Every structure is written in structure tokens, then in C-alpha cells.
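Reading the structure
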Amino acid sequence: MSVTPTAPTTPDPDHADAEQRYRQRLLDRIPRGLLIGGVWRSSADDKVVTVENPATGASLGPVASATVADGDAALTAATDVANTWKATPPRERGEILRRAFELLTDRAEDFATLMTLEMGKPLPQARAEVTYGAEFLRWYAEEAVRIDGRWSTAPDGRTRLLTMRQGVGPVLAITPWNFPLAMGTRKIGPALAAGCTMVIKPAIQTPLTMLALADLLTEAGVPAGVVNVITTASSSTVIAPLISDARLRKLTFTGSTPVGKALIRQSADQVLRVSMELGGNAPFLVFADADLDAAVEGAMLAKMRNMGEACTAANRFLVHESVASEFGRLLAARMEQEIVGDGLRPEVTVGPLIDNEQRSKVAELVTDAVDRGAQILTGGDAIEGAGYFYSPTVLTDIAPDTALLREEIFGPVAPITTFTSDAQAIGLANDTEYGLAAYAFTDHIDHAIAVSEALDFGMVGLNQGIVSNAAAPFGGMKQSGFGREGGPEGIEEYLETKYVGISTRPGL
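Quick look at the structure, then. (Residues numbered from 1 in each chain as written. Predicted model: local features only at pLDDT ≥ 70, side-chain atom pairs only at ≥ 80, totals over all residues. Heavy atoms only, no water.)

Some thoughts on the sheet that holds strand E19 (residues 393–396)
Selection criterion: The pairing criterion is simple: DSSP has to find at least two bridges between the two strands. Each helix is a run of H or I in the DSSP string that is no shorter than four residues. Each strand is a run of E no shorter than two, and both are numbered from the N terminus. Axis definition: a line fitted to C-alpha atoms, limited for helices to the stretch in contact. Angles are taken between N-to-C directions and run from 0 to 180 degrees. In what follows, a contact means two residues having at least one pair of non-hydrogen atoms within 4.5 Å.
Ordered by their spatial adjacency, 7 strands build an open sheet running E16-E19-E20-E14-E13-E22-E23, and the pairing between neighbours is mixed. Here the strands that pair on one side only, and so sit at the sheet edges, are strand E16 (375–378) and strand E23 (459–462). Here the strands of the sheet are splayed against their neighbours by 25° on average, with no regard to which way each runs. Here 3 bridges tie E19 to strand E20 (residues 413–419), and the two strands are oriented parallel to one another. Within the sheet, the bridge partner assigned to Val394 lies in E20 and is Ala414. Those strands touched by helix H12 (residues 324–335) are strand E13 (282–286), strand E14 (314–320), E16, E19 and E20, and its axis lies near 170° from that of E20.

As C-alpha cells, this is what we get:
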């Protein structure tokens, strides 16, 4: 593993100046206020919070910090146009989403650069997120006109049964910092397609991407009040009154399981429709018959995408004892090829963690593992200097009671443990309260099917290290949440079912 400084070692002053001017112009174009009822405005008390570049610690400028009154105003704006938006023809809603897809695709480099600046991921990964995130807008542009119902005859023949699907109503969407674009479009696409209005509260670490996206949606033709965005440094204070407000009908959240549990409890009084995409503890199983080279490449995708800061990231590597030593050697060698640094640099493959708190948590988990006897094959330390960097790390000889086998690491650390039988592998994989994603590598189809059916996870990557796809239902089991985002299932989260019984005249 090598580390690059955040400034070029052989700088080209003209190129560097041009890049800096481009980034500054990009930052200058982003609205910094709250979008409420189609108007960008400051917060009620004029307070702001500063956004930081985690690769350098430099300020990216302030954004408004909403108050309780601002949250109420946003929900009022969403409620005022809820019926109008629900009555908007599905084709028109779909065309707006299609225009948003095209605008986002045209401005992919701007959004990728913005995400790298405020979140740290390397530019190629940020570009991939733009492609992935845009697909939700295109997918639900097409789903908007496919919301169907049912017409049938009652068994006694005297009544006709009409079943219709309608938007659930105003939605509160709370999005995380690790995928600031895609986690937004994954909620915005189906909500708007279903005819729902929204209040969106992005993570305060990465609000700029959502503010830029909201501006783009307005340009695409989303009417005033349909999408409202509030950024705030006082999330729990501002969100709680919205959840208890009778006008809100749906809550969708992506984030940690503890916060998700608290939101579920709060939502109970209003019996809100709730969808939760929560934490994970993904096992990565490598069986004796696996192609080890393919498994290592899959491991790099499953572990190192987004610096390991993903709920789907491989958290535990369970490897058959007959191939564990070789897999560990290959994975460590592959990790050592990674280049750590500012994600804006073209050669960088691993960016910073989001903040010092997250880096400290990763360091504590590694220290705990080593104190309990774990061996470091590579990495194992924080990188000194500006930014919040941690070296890509591979650990072996993990004690069963080690914290990083139970907790979500959210960092570039791969702990390897071994198994001797399929039954033991499945038992170890399922021995967690989480059930979001799992990965398995094996070269026999019958084995693959049996393993996939036995894993208690909402998504399984079979001989591949990425499971996310806009056309597929994303979501988990157990304490990883409920509900699905993406695919045909995703729009169901924003629809209510209504039945109408129609009396008929017999004998005609």
C-alpha cells in the first residue's frame, strides 16, 4: 500500500490552477439555503454550519442550519401541493423524472467532483455513483406509468371489486453521508413517480450534493413544494416534530440501526408507513472450490468500495481452512497495491474516512483485535497528516469475541476467519442480528444455490462483490431494516391500496 500526498509531487501550475478554478466555480453555483416551497431561503435564525473536505480538513463553505420552524414550513409546503401532485398525470411525472435523469447524466462530472470534495471517495467511484444514482430516476420515470390496480368479480357475482393504488402522501426522507447522491435518488425517484411530495433531510456532513440535486430537479420541472430540502446541524430536534405531525404519512430512512430504531419508535404514534435501510455485518464466504483470484477481486469490490464505508461492505471474511492462507496472502498483496490519498488525484484508489470520529472507531476496532491476538498481514494504522486516512488492512487469527466481528467496521479493514464445513460457514455467517448483504464464492452451481437459500440476508452477491442495482430490490432482514428500494418493489413503499366495492344490476 502506498500513500500519495494531497498536493501533486510534480505540479503543473497551469493545470492545477484550472482545476482549482473549476472546483471553486462548482462550489459557488450550489445553493446554500433551504429549499421550501420552491424558494431558496436562509434558516429562521440565520444559523449556518460549515461543510468540510475530509481529505484536507479545508472548509467547503457554509450551508443553512434549519430550525423546527423551518421543518414545519417545509412540511406545510409539501402538504399544500400534495393533492395537486398526486393528480398530475403519471406520464407527466415520468417525463419530469426522465428530464432529471438526462440533466444529471449531462452533469455527471460536476456531481462526481462535488461528492469527492465533500465525502472523499475517489473520482472514479464518484462517477460510478452518479451513473448508479441516475438510474433510479430513469427506472422510476418508466414505473410511473405502470402503477396498476385490479378489476374482478366477487365470488357471489353480485359485486365488482375495484382495487386501486394511490400515493401514500407527504414523505420525510432522511439520507446518509456515504452515498449522498444515490441514497437521495433511490428515494426521490419512486416517491415522485407514485405522486408523493417530499421533505428531504440530508446528512450534514455531505449536504452539498443534495442541494445541487434539488436545484437540478427544479430545473427539470418538479413543481414548487413537491421536493423540499432542509439541512440542519440539529437533526433530532428538527425531525421529531415532523414525525409526530399528522400531515406526514411516510418516513424513509437510511442509516444506522440504533437511529433507525429510535425513528421507528417515534413513528408509532402516527402509525406512519415506514421503510428502513439500516446497518449491516456482511459475511464474505470463500469456499474450498472457489476461484481465489476472482474471490480476491470480488473482495476488493465488496470491502474497499467507498473506503469500506457502506452498509453492504464485506465485514467478515469467512474462508475455508484449506485456502485461507493463500486467500489472505493474495488479499494482502492486492491491498498493498491500493493508493491512499485525496480522491481528486487520478491515481488515488482509497480516499479518506468521513471524519476523525469514524477513523478513531476503525482504529479502536483494529487495536482491540490485535490485543486479542489478531495478526496484521498489511496496514493496521492511521495515516498521519491532513485528512482522515486509514491504511487498507488485512487481519487474521481473529478471536471469536473480537468486536469487529460483531460491529459494522465502516472502514478499509478485512478480518479473516476460517471454517471447516458448509454448516459451520452458514452458522457463522448467520450469527448476527443483521441481515442486509452477504457474498459467497464457489464454482459449483448446486452449491451456490444451496448457500444462497441458507443465508439469512436480503441480498446475496454470488461470485460478485457488488449487489446494488437500480432494477433490483435493495433491503435487508432482521435488524438491517424492512422495506425495499429499487426494482418494481421500490415504488410499492410509496403506494396505498384502496378497494372499492361496486354494486351491479343482475340480469342485464
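On we go.
A look at empty space enclosed by the protein
Rule in force here: Cavity and pocket criteria rest on a 1 Å grid covering protein atoms alone: a 1.4 Å probe that fits but cannot get out defines a cavity, protein on both sides within 12 Å along at least 5 of 7 lines defines an open pocket, and an atom within 4 Å of a point defines a lining residue. Grid points are joined across faces, edges and corners, and a volume is the space filled by probe spheres set on the points. Amino acids outside the nonpolar list (Ala, Val, Leu, Ile, Met, Phe, Trp, Tyr, Cys, Pro) and the charged list (Asp, Glu, Lys, Arg) are all regarded as polar, and Gly is one of them.
As enumerated under the stated definition, the model contains 2 cavities of 30 Å³ or more in all. Each residue belonging to the lining of the largest cavity can be placed in one class, and the counts come to 6 nonpolar, 2 polar and 1 charged. Each pocket or cavity is described by its volume, and for the second largest cavity that value is around 40 Å³. As for the second largest cavity, its lining consists of Lys187, Thr252, Phe253, Ser275, Met276, Glu277, Phe474, Phe482, Gly483, Arg484 and Glu485. With 3 residues, strand E12 (residues 273–277) is the single largest residue contributor to the lining of the second largest cavity. Of the residues assigned to the lining of the second largest cavity, the class counts are 4 nonpolar, 3 polar and 4 charged.

Details of the packing of aromatic side chains
Each aromatic ring pair is specified by the distance between its two centres and by the angle formed by the two planes. Convention followed: Aromatic pairs are defined between Phe, Tyr and Trp rings, using the six-membered ring for Trp, whenever the two ring centres lie within 6.5 Å; interplanar angles under 30 degrees are classed as stacked, those over 60 as edge-to-face, and all others as tilted. Partly exposed describes any residue whose relative accessible area lies between the buried limit of under 20% and the exposed limit of over 50%, with all areas from a 1.4 Å probe on protein chains only and scaled to the type maximum. Comment: the charge-over-ring label is applied if NZ (Lys) or CZ (Arg) is within 6 Å of the ring centre and within 35 degrees of the ring normal.
For the structure on display, the rule yields 7 aromatic pairs. A ring pair is formed by Trp177 and Phe410, whose centres lie 5.8 Å apart and whose planes are at 85°; its orientation type is edge-to-face. A residue pair is termed long-range when its members are at least 10 positions apart, and Trp177 in the loop between strand E8 (171–174) and helix H7 (182–194) and Phe410 in the loop between E19 and E20 qualify at 233 residues. For the pair shown, Trp177 and Phe410 are each scored as buried. By way of ring pairs, the aromatic residues Phe284, Phe317, Phe327, Tyr439 and Phe441 are connected into one cluster. Arg186 extends its terminal NZ or CZ atom over the ring of Phe474, reaching a point 3.9 Å from the ring centre. It is Lys250 that lies over the ring of Tyr494; its NZ or CZ is 5.0 Å from the centre.

Describing unusual backbone geometry
The phi torsion at Asp397 lies on the positive side, around 55°, for a residue other than glycine. For Asp397, the location among the structural elements is in the loop between E19 and E20. Of note in the backbone geometry, Phe410 takes a positive phi value of approximately 55° without being a glycine. Exposure remark for Phe410: the relative accessible area of 15% places this residue in the buried category.

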